[in-house]
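Structural characterization, general
Below are the chains, spelled out letter by letter.
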2 protein chains.
Amino acid sequence: MGVNETVAKPLDRLAALLAEDMGAVDALIRTRMESRHAPRIPEVTAHLVEAGGKRLRPLLTIAAARLLGYRGAHHQLLAATVEFIHTATLLHDDVVDESRQRRGRPSANLLWDNKSSVLVGDYLFARSFQLMTETGNMRVMGILSNASAVIAEGEVLQLTAAQDLRTTEEIYLQVVRGKTAALFSAATEVGGVIAGGTDVQVRALYDYGDALGIAFQIVDDILDYSGATETIGKNVGDDFRERKLTLPVIKAVARADADERAFWQRTIEKGDQQEGDLDRAMAILGRHGTIDAARADALAWAARGRSALASLPEGEIRELLAELADFVVARVA
Amino acid sequence: MGVNETVAKPLDRLAALLAEDMGAVDALIRTRMESRHAPRIPEVTAHLVEAGGKRLRPLLTIAAARLLGYRGAHHQLLAATVEFIHTATLLHDDVVDESRQRRGRPSANLLWDNKSSVLVGDYLFARSFQLMTETGNMRVMGILSNASAVIAEGEVLQLTAAQDLRTTEEIYLQVVRGKTAALFSAATEVGGVIAGGTDVQVRALYDYGDALGIAFQIVDDILDYSGATETIGKNVGDDFRERKLTLPVIKAVARADADERAFWQRTIEKGDQQEGDLDRAMAILGRHGTIDAARADALAWAARGRSALASLPEGEIRELLAELADFVVARVA
């Protein structure tokens, strides 16, 4: 599946189609990241919020609600909620990963300090709960508070499973659902709930978000071994240096001979990495074709996301969501 | 006001009076801190939850609800919510403060790592929102999400104001409301709301919690310069070493001569501390009587808390809450 003109930027086209809503969401985000007493809060938040993130998650909420014909304004509160949860997660992730870059710019923990990243993240979490409370809808609050718990649980699981070569693809999927897909699926699900969708429609939106999130994360894992630094906004090999067991590596460990197994034990489990190890890792992934295998998985998840849309109302939004699923994996296709 | 037999342990007597509720709260805390996938979560949480904290905040929620004659079980969910928010805050505080001790034991960030403290804290925040959502009461969700935002804002404010000698008593009060009193007042307020109290009653419960929290924090600040390590569960002078502008210091800075001002600038603003500086700081506080002045403030807040109770139903719970206000300041009286 090649990237051609029509599918090149489904995200931008979706954003253009829903520009009025997204403008309101942007205004909400800007208003709610203010703090009367602590100017450090909007400083740190703005650094991330204005770093040219694509607002993918809030766009999913808006699109889901509009797809089902929603005419109110509560979907905007939920979209801002989702973006705040995402931003809070990024701030805390960078502390946990000791990152130095985020979206191609120095990370907040580097520009300010870990303390500010932790506390401003907490502030944004609290703000996100204030925002969702304003909808007065208990069901969306249940969904979003559950998603927040799954996200944190996934992060802790990743922390403890990170350097363990016994990590299976099943555990990987659990981690990915936590760290990425849970917020995607919550974003689409609450859009459906606030629009008063049927159970079947809400479930379809959940499935679409879940599949999209998993495809998105697998692509991210692939790019970490095969992308260009300027494209991915971070350095190639970061996951390897951070000893993360991502899908291409998990698949390679499963197919490793004794020599390769010793290599993964030294570099990932023990963290004893030397000059040339990243090249050797990439050679091993190439030999077993695990980048290709991971790519096939990503494509399958994208296809699953596309087919989940079948039970939802036809039209431009549904078409763009389908194209989005393809576009997410087109980066590695 | 001396500590005598009758008022010695109002907290324990309140806990005994409400033992059935508190047992249920304990069970809830234990169930909800579990994680199917990430055993690190209950490990870290249990370290704090079982460290002999007094469960003061959940007790306030239970007492407030029962004081107004509440007969349901939702106050238990709210009490567990409040304790989870508190525990999450402690975990993140220890990362921010780079603490090595908490409640007289090694802190979680020392036993595990900062990463675990950040992420388990996030998990407990999310859990707290799940718990409060189960009450189905929009008003308590508004109160508790607001309190969470005020807490985080207060922490950020403390971070940025921490080494600034221009910090006034007014800013101090704002920080204290954020870091301590906001959760106390939310704890009592939601107890009143869930019990269906009148506006006057709910306001009285809020005022009581607010005053108790402020008194509690001022006492904490005083003990940091005058307590014994075994009593306060941390080291005397920690606040000085961490360059925190607490009430005794703020009052001393306001009364400082040129020499003293230079001393505070060097030790607090610049953080250039030498052998003997803590002793000199304590001597300056003594000369200006600012420990005594801070003590007088704490006593005044305790009295304000006591008098806020006047509009609430008489009885054993109200009496114990009044004694609790006195007891909190009795540690320094």
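Higher on the page you've got the structure.
Heads up: these notes are all about the structure in this document. Counting restarts for each chain: residues are numbered from 1 in the order of the written sequence. Note on labels: chains are lettered from A, ligands numbered from 1, in written order. Two thresholds apply to this predicted model, a pLDDT of at least 70 for residue-level local features and 80 or more for giving and counting side-chain atom pairs, whereas whole-chain, interface and lining totals are computed over all residues. Hydrogen atoms and water are omitted, and side-chain values are computed over all heavy atoms in the structure.

1. What about the overall build of chain A?
Under the DSSP-based scheme used, a helix requires at least four consecutive residues in state H or I and a strand at least two consecutive residues in state E, with every element numbered from the N terminus. From N to C terminus, chain A includes 17 helices and two strands. Rg of the C-alpha trace for chain A: 20 Å, near the compact-globule value of 20 Å for 333 residues, within the 12% margin. Of all intrachain contacts in chain A linking residues separated by at least 6 positions in sequence, the fraction that spans at least 24 positions is 76%. The positive count covers Lys and Arg only, the negative count covers Asp and Glu only, and His and the chain ends enter neither. Lysine's charge is taken at NZ, arginine's at CZ, aspartate's at CG and glutamate's at CD. Averaging the positions of the 38 positive and the 47 negative side-chain charges in chain A gives two centres separated by 2 Å. A radius of gyration in this sense is built from C-alpha atoms; the matching globule rule multiplies 2.2 Å by the number of residues raised to 0.38. Any two residues whose heavy atoms approach within 4.5 Å are treated as being in contact.

2. Notes on the packing of aromatic side chains
All names here are of chain A. Note on aromatic contacts: the rings of Phe and Tyr and the six-membered ring of Trp form a pair at centre separations within 6.5 Å, being stacked when their planes are under 30 degrees apart, edge-to-face when over 60 apart, and tilted otherwise. Evaluated as defined, the whole model comprises seven aromatic pairs over all chains. Taken together, a centroid distance of 5.3 Å and an interplanar angle of 45 degrees make the contact between Phe184 and Phe216 tilted. On the criterion of sequence distance, the pair formed by Phe184 in helix H9 (residues 169-194) and Phe216 in helix H10 (residues 199-226) is long-range, its members being 32 residues apart. Using a relative accessible area of 0% as the deciding quantity, one classes Phe184 as buried. Note on exposure labels: buried denotes an accessible area under 20% of the residue type's maximum, exposed denotes more than 50%, and partly exposed covers the range between, all computed with a 1.4 Å probe on protein chains only.

3. Describing the relation of the copies chain B and chain A
Mapping chain B onto chain A leaves a residual RMSD of 0.0 Å; the transformation is a rotation of 180 degrees accompanied by 0.0 Å of translation along its axis. Such values leave the two copies arranged in the relation of a two-fold axis. Most of the interface of chain B is mirrored in chain A: 100% of its interface residues are interface residues there too. A least-squares fit on C-alpha atoms brings the copies together, and the residues used are those whose pLDDT is at least 70 in both copies.

4. Focus on the pattern of salt bridges
Residues and elements named next belong to chain A. For this analysis, a salt bridge means a side-chain nitrogen from Lys or Arg found within 4 Å of a carboxyl oxygen belonging to Asp or Glu. Under the defined criterion, the tally for this structure stands at 34 salt bridges over all chains. A salt bridge links Arg55 to Asp26; the shortest N-O distance between them is 2.8 Å. With a gap of 29 residues between them, Arg55 in the loop between helix H3 (40-49) and helix H4 (56-67) and Asp26 in helix H2 (residues 19-32) connect regions that are remote in the sequence. For Arg55, a relative accessible area of 10% gives the class buried.

5. Describing the packing of H10(A) against helix H16 (residues 290-308) of chain A
Residue and element names in this part refer to chain A. Only the stretch in contact is used when fitting a helix axis, every axis being a line fitted to C-alpha atoms; angles between N-to-C directions are given from 0 to 180 degrees. Between H10 and H16, the least distance of the axes is 8 Å, while the angle of their chain directions is 160 degrees. Overall, the two elements H10 and H16 adopt an arrangement that is roughly antiparallel. Remark: the crossing between H10 and H16 carries left-handed chirality. Only Ile291, Ala294, Arg295, Asp297, Ala298, Trp301, Ala302, Arg304, Gly305 and Ala308 of H16 make contact with H10, whose side of the interface consists of Ala204, Asp207, Tyr208, Asp210, Ala211, Ile214, Ala215, Ile218, Val219, Ile222 and Tyr225. Any residue outside Ala, Val, Leu, Ile, Met, Phe, Trp, Tyr, Cys, Pro, Asp, Glu, Lys and Arg is labelled polar, Gly included; the first ten of those are nonpolar and the last four are charged. Looking at the contact of H10 with H16 residue by residue, the classes come out as 15 nonpolar, one polar and five charged. Angular relationships are summarised with four words: roughly parallel below 35 degrees, roughly antiparallel beyond 145, roughly perpendicular across 65 to 115, and oblique for the angles in between. Here a crossing is called left-handed whenever its near helix is offset anticlockwise from the far helix by less than a right angle, and right-handed whenever the offset is clockwise.

6. Things to note about the interface of chain B and chain A
Taken together, the contacts link 39 residues of chain B with 39 residues of chain A. At the junction of chain B with chain A, the criterion picks out zero salt bridges. In protein, a polar contact means a hydrogen-donor-capable atom and an acceptor-capable atom, both N or O and within 3.5 Å, with residues adjacent in sequence counting only if both atoms are side-chain atoms; elsewhere, any N or O pair within 3.5 Å suffices. Where chain B meets chain A, there are five residue pairs in polar contact (both at pLDDT 80 or more). Looking at the side of chain B that touches chain A, the elements with two or more residues in it are helix H3 (40-49), helix H5 (74-97), helix H7 (114-133) and helix H8 (138-161) of chain B.

7. Some details on unusual backbone geometry
Notably, A:Arg243 is not glycine yet its phi reads approximately 60 degrees, a positive angle. Under the relative-accessibility criterion, A:Arg243 is labelled partly exposed at 22%.

8. Focus: the nonpolar core
If you look at the biggest cluster of nonpolar residues, it comprises 231 residues, and the most contacted ones within it are A:Trp264, A:Leu321, A:Leu324, B:Trp264 and B:Leu321. Not counting residues up to four positions away in its chain, the partners in contact with A:Leu321 are A:Leu14, A:Leu60, A:Ala63, A:Leu67, A:Tyr208 and A:Leu309. Among buried residues, those of type Ala, Val, Leu, Ile, Met, Phe, Trp, Tyr and Cys that are joined through side-chain atoms within 4.5 Å constitute a nonpolar core.

9. Things to note about helix H1 (residues 10-17) of chain B
Residues and elements named next belong to chain B. Those residues of H1 lying buried are Pro10, Leu11 and Leu14. Seen along its axis, H1 keeps its buried residues to an arc of 100 degrees; they face one direction. Close packing links the buried residues of H1 with helix H4 (56-67) and helix H17 (316-330). Relevant arc is that of directions from the helix axis to the C-beta atoms, nothing else.

10. Quick word on the packing of H4(A) against H10(A)
Helix-helix packing: each pair is described by the crossing angle between the helix axes and the interaxial distance. Residue and element names in this part refer to chain A. One can describe the packing of H4 onto H10 by two numbers: an axis separation of 12 Å at closest approach and a directional angle of 155 degrees. When the axes of H4 and H10 are compared, the pair comes out roughly antiparallel. In this structure, H4 meets H10 at a crossing whose hand is right-handed. Seen from H4, the contacting residues are Leu56, Arg57, Leu60, Ala64 and Leu67; seen from H10, they are Leu205, Tyr208, Leu212 and Phe216. Here the contact of H4 with H10 is built from residues that sort into eight nonpolar, no polar and one charged.

11. Notes on the side chain of B:Asp277
With respect to the helices, strands and loops of the structure, B:Asp277 is situated in helix H15 (residues 277-288). Owing to a relative accessible area of 6%, B:Asp277 belongs among the buried residues under this scheme.

12. A short note on the side chain of A:Thr167
All names here are of chain A. Following the sequence through the fold, Thr167 ends up in the loop between helix H8 (138-161) and H9. A polar contact of 2.7 Å, which involves the side chain of Thr167, links it to the backbone oxygen of Asp164. Dropping the residues within four chain positions of it, Thr167 is found in contact with Ala161, Tyr172, Leu245 and Ile250.

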